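The lines below spell out each chain.
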Amino acid sequence: MTSQTLTAAPSDSSLPELKQTRHLATELPGPRSRELMARKTAAVAGGVGVTMPVFAARAGGGIVEDIDGNRLIDLGSGIAVTTVGASAPAVVAAVQEQAAAFTHTCFTVTPYEGYVEVAERLNALTPGGHAKRTALFNSGAEAVENAIKVARHATGRDAVIVFDHAYHGRTNLTMAMTAKVMPYKKGFGPFAGEVYRAPMSYPFRDGGLSGAEVARRAIDMIEKQVGADEVACLIVEPIQGEGGFIEPALGFLPALVEWCRANGVLFIADEVQSGIARTGSWFASDLEGVEPDLVVMAKGVAGGMPLSAITGRADIMDGVHAGGLGGTYGGNPVACAAALAALDTIEREDLIGRARRIETVIRERLDALAARDPRVGDVRGRGAMIAIELVKTDEDGNGTLEPDATLTNAVATYARNAGVIVLTCGTYGNVLRFLPPLSISDDLLHDAFDVLEEAFDSIR
Ligand SMILES: *Cc1c(COP(=O)(O)O)cnc(C)c1O
């Protein structure tokens, strides 16, 4: 396959520079992608779906180039993972160097420095000046599970509070914690017990309730239906991801923290999607000065390598007996090297500032679109984690609260066919989310949002 030669490391100087422009060399998917898609269907489990039937050859900056030579604008970052880019030079070099030294020893057999250094860095970066400890794992779901293990161990209690629209993963415990049945849970039960769902703050649909009022609504449910002294922990995404980029009303998270502190309940922030510079600060919790007892991280932390982490109060984390936390691959040395390089890149290139600038560019475009198109019901999110929620209009042409998943899919399909990778999300499937790598140029953003505008104008 000639495609093999294209998948060499992007830092390989024999490869020409990846041009930072959108370019369609063929229709999408092109002939090579169609061929590979047939092989995929014959070889890969059908349950593993794909958003676009287009096979990647290389990626970097704000571009994914496919095996037919098409260059697509990346507004997805592989679901919020390649925050520093898909081939950030420092990450590529660190991975190459570490892989040549050793790929694995298992940290719990013979440890290595990279793991310790990642722990030190995350202890310093996560919210709060208290003493902290970190443990590393492979995926977001695995880290969430471990956060719950630690919380139950520390409190001696069982109950876990999650929220409407929450997404925490696909393993058995995290399926129970995830809200949406299709596609995440259907047919996969029975689910883990002692998981209770409270109402979320959803400003677009809360009819003007304040953050404090929606927090009270959730706390009432917990106190009346679960009992405060049964609760080990409450876990919440400070900006919800798969559930629709729902940004809670100001005051909601601080009120929950206050209630947790008063009731011996641990407050866990699932920052798997919102963390690590994505929202224009290191963590989405930072906006309101929320200091979680435990923070869960994954996606953006290691420049595309699989790594996840929980960082929490030292006394809570150290309460677990030796051997109680771990796993064969957790904190793999190559992934740790990538994480250190990714964190360095964020600091050196001020990617937090870049995320804020991206917010300004995207917001300007989307606010203008919303002002002239009532089907755009809400524009929300922060930094490079922005979304629009699409709704039906009434007979006078005014926007309603009724979700429009059909329009959402039509717009996404239009954009993808034109060479823009966009993702949808939301409990009602009516949210378009924009998660570009922070290495994307303003020119690519404008080109992508020109396409999006065209999509809205051509779909009626
Ligand atoms: C993606 C995600 C997870 C699960 O992470 P995986 O690495 O896919 O297991 C958990 N929580 C949130 C908020 C996520 O966005």
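Calculation notes
Residues numbered from 1 in each chain as written. Predicted model: local features only at pLDDT ≥ 70, side-chain atom pairs only at ≥ 80, totals over all residues. Heavy atoms only, no water. Helix = DSSP H or I, 4+ residues; strand = E, 2+ residues; numbered from the N terminus. Rg over C-alpha atoms; globule rule 2.2 N^0.38 Å. Buried < 20%, exposed > 50% of the residue type's maximum accessible area, 1.4 Å probe, protein only. Contact = heavy atoms within 4.5 Å. Areas by Shrake-Rupley, 256 points an atom, 1.4 Å probe, with all protein chains shown as cover. Lys, Arg positive; Asp, Glu negative; His and termini not counted. Charge placed at Lys NZ, Arg CZ, Asp CG, Glu CD. Near = heavy atom within 4 Å. Polar contact = N/O pair within 3.5 Å; in protein donor to acceptor, adjacent residues only side chain to side chain. Nonpolar A, V, L, I, M, F, W, Y, C, P; charged D, E, K, R; others polar. Core = buried A, V, L, I, M, F, W, Y, C linked by side-chain atoms within 4.5 Å. Domains from an automatic or database assignment. Phe/Tyr/Trp six-rings, centres within 6.5 Å; stacked < 30°, edge-to-face > 60°. Lys NZ or Arg CZ within 6 Å of the ring centre and 35° of its normal. Pairing = 2+ DSSP bridges. Axes fitted to C-alpha atoms, helices over the stretch in contact; angles between N-to-C directions. Parallel < 35°, antiparallel > 145°, perpendicular 65-115°, else oblique. Left-handed = near helix turned anticlockwise from the far one by under 90°. Salt bridge = Lys/Arg side-chain N within 4 Å of Asp/Glu carboxyl O.

### Looking at the overall build of the protein
Item 1. From N to C terminus, the protein includes 14 helices and 16 strands.
Item 2. Relative to the compact-globule value of 23 Å for 460 residues, the protein shows a C-alpha radius of gyration of 22 Å, a close match.
Item 3. A buried classification covers 55% of the 460 residues belonging to the protein.
Item 4. For the protein, restricting intrachain contacts to residue pairs at least 6 apart in sequence, the fraction spanning at least 24 positions comes to 73%.
Item 5. For the protein, the exposed area adds up to about 18500 Å²; of that, 53% sits on carbon and sulfur atoms.
Item 6. Measuring between centres, the 41 positive side-chain charges of the protein sit 3 Å from its 57 negative side-chain charges.

### A few points about the site of the ligand
Item 1. Residues in close proximity to the ligand include Ser139, Gly140, Ala141, Tyr167, His168, Glu237, Asp270, Val272, Gln273 and Lys299, which together make up its full environment.
Item 2. Between the ligand and Asp270 there is a distance of 2.7 Å, counted from a nitrogen atom to a side-chain nitrogen or oxygen.
Item 3. Coverage of the ligand by the protein amounts to 82% of the 380 Å² it exposes when considered alone.
Item 4. Looking at the shell around the ligand, its residues break down into three nonpolar, four polar and three charged.

### Remarks on the side chain of Asp206
Item 1. Locating Asp206 in the fold gives a position in the loop between β6 (195–198) and α8 (211–225).
Item 2. With near-sequence residues (within four places) excluded, Asp206 lies in contact with Met200, Ser201, Val214 and Arg217.

### A word on the nonpolar core
Item 1. Within the largest apolar cluster, 97 residues are counted, with the highest numbers of intra-cluster contacts made by Leu75, Leu366, Ile388, Phe434 and Phe456.
Item 2. Two domains each donate at least three residues to this core, and these are domain 1 (3–75 + 350–458) and domain 2 (91–348).
Item 3. Apart from the residues lying within four places of it in its own chain, the contact partners of Leu366 are Val379, Ile386, Ile388, Phe434, Phe449 and Leu452.
Item 4. Residues Ile219, Leu253, Leu256 and Cys260 belong to the second largest nonpolar core, which totals 26 residues.

### Topic: the packing of aromatic side chains
Item 1. Across all of its chains, the model carries six aromatic pairs by this definition.
Item 2. Relative to Tyr112, the ring of Phe107 has its centre 5.4 Å away and its plane inclined at 80°; by these criteria the two rings are edge-to-face.
Item 3. Taking relative accessible area as the criterion, Tyr112 reaches 9% and is therefore assigned buried.
Item 4. Where Phe107 meets Tyr115, the ring centres are 3.7 Å apart and the plane angle is 10°; that geometry is what we call stacked.
Item 5. Through a chain of ring-to-ring contacts, three or more aromatic side chains come together here, namely Phe102, Phe107, Tyr112 and Tyr115.
Item 6. Over the ring of Phe191 we find Lys185; its NZ or CZ atom is 5.3 Å from the centre of that ring.

### Digging into the side chain of Ser285
Item 1. Tracing the backbone through its elements, the reader meets Ser285 in the loop between β8 (266–270) and β9 (294–297).
Item 2. The contact partners of Ser285, leaving out residues within four places of it in the chain, are Pro127, Pro238, Ala269, Glu271, Val290 and Pro292.

### A few points about unusual backbone geometry
Item 1. A cis amide bond, omega -10°, links Leu28 with the succeeding residue Pro29.
Item 2. Position of Pro29 relative to the elements: it lies in the loop between α1 (3–6) and α2 (31–43).
Item 3. Non-glycine residue Ser77 carries a positive phi angle of around 50°.
Item 4. The residue Ser77 is located in helix α3 (residues 77–80) in this model.
Item 5. Despite not being glycine, Asp350 shows a phi value in the positive range, around 45°.
Item 6. Within the secondary structure, Asp350 is located in the loop between α11 (333–348) and α12 (351–372).

### A closer look at the sheet that holds β6
Item 1. The sheet built from seven strands is open, its strands ordered β4-β10-β9-β8-β7-β5-β6 with mixed pairing. Looking at which strands have only one partner, the edges of the open sheet turn out to be β4 (132–137) and β6. Adjacent strand axes in the sheet meet at a mean angle of 20°, parallel and antiparallel pairs treated alike.
Item 2. With three bridges joining them, β8 and β9 adopt parallel strand pairing.

### Concerning the packing of helix α13 (residues 405–417) against helix α14 (residues 442–458)
Item 1. Put simply, α13 and α14 touch, their axes get as near as 9 Å, and they point 130° apart. Between α13 and α14, the crossing angle belongs to the class labelled oblique. Here α13 and α14 pass one another in a crossing that is right-handed. Listed contacts from α14 to Leu407, Val411, Tyr414 and Ala415 of α13 are Val451, Leu452, Glu454, Ala455, Phe456 and Ser458.
Item 2. Taken together, the residues of the contact of α13 with α14 break down into eight nonpolar, one polar and one charged.

### Quick word on the pairing of β4
Item 1. β4 sits mainly inside the fold: five of its six residues count as buried.
Item 2. Taken together, the six bridges between β4 and strand β10 (residues 308–313) define a ladder with antiparallel strand orientation. Paired with Ala135 across the two strands is Ile310, which belongs to β10.

### Overview of the pattern of salt bridges
Item 1. Tallied over the entire structure, the rule returns 25 salt bridges.
Item 2. Put simply, Glu389 and Arg205 hold a salt bridge, and the shortest N to O gap is 2.6 Å. With a gap of 184 residues between them, Glu389 in strand β12 (residues 385–393) and Arg205 in the loop between β6 and α8 connect regions that are remote in the sequence.
Item 3. One salt bridge connects Arg460 with Asp373, and the closest N-O pair in it is separated by 4.0 Å. Here Asp373 lies in the loop between α12 and β11 (376–382) and Arg460 lies in the segment after α14, a separation of 87 residues in the sequence.
Item 4. Look at Arg460 and you get exposed, because its relative accessible area is 71%.
Item 5. Three or more residues joined by partner-sharing salt bridges are found here, namely Arg365, Arg372, Asp450, Glu453 and Asp457.

### Section: the pairing of strand β16 (residues 431–434)
Item 1. A two-sided burial pattern is seen for β16, the buried positions comprising Val431 and Arg433 on one face and Leu432 and Phe434 on the other.
Item 2. In this structure, β12 lies alongside β16, joined through four bridges in antiparallel fashion. By the bridge assignment, Ile388 is partnered in β16 with Leu432.
Item 3. Here strand β15 (residues 423–425) runs beside β16; their pairing, made up of three bridges, is antiparallel. In the strand pairing of β16, Thr424 is matched with Leu432.
Item 4. Hairpin connection of β15 to β16: five residues between the antiparallel strands, including Gly426 at a positive phi of 105°.

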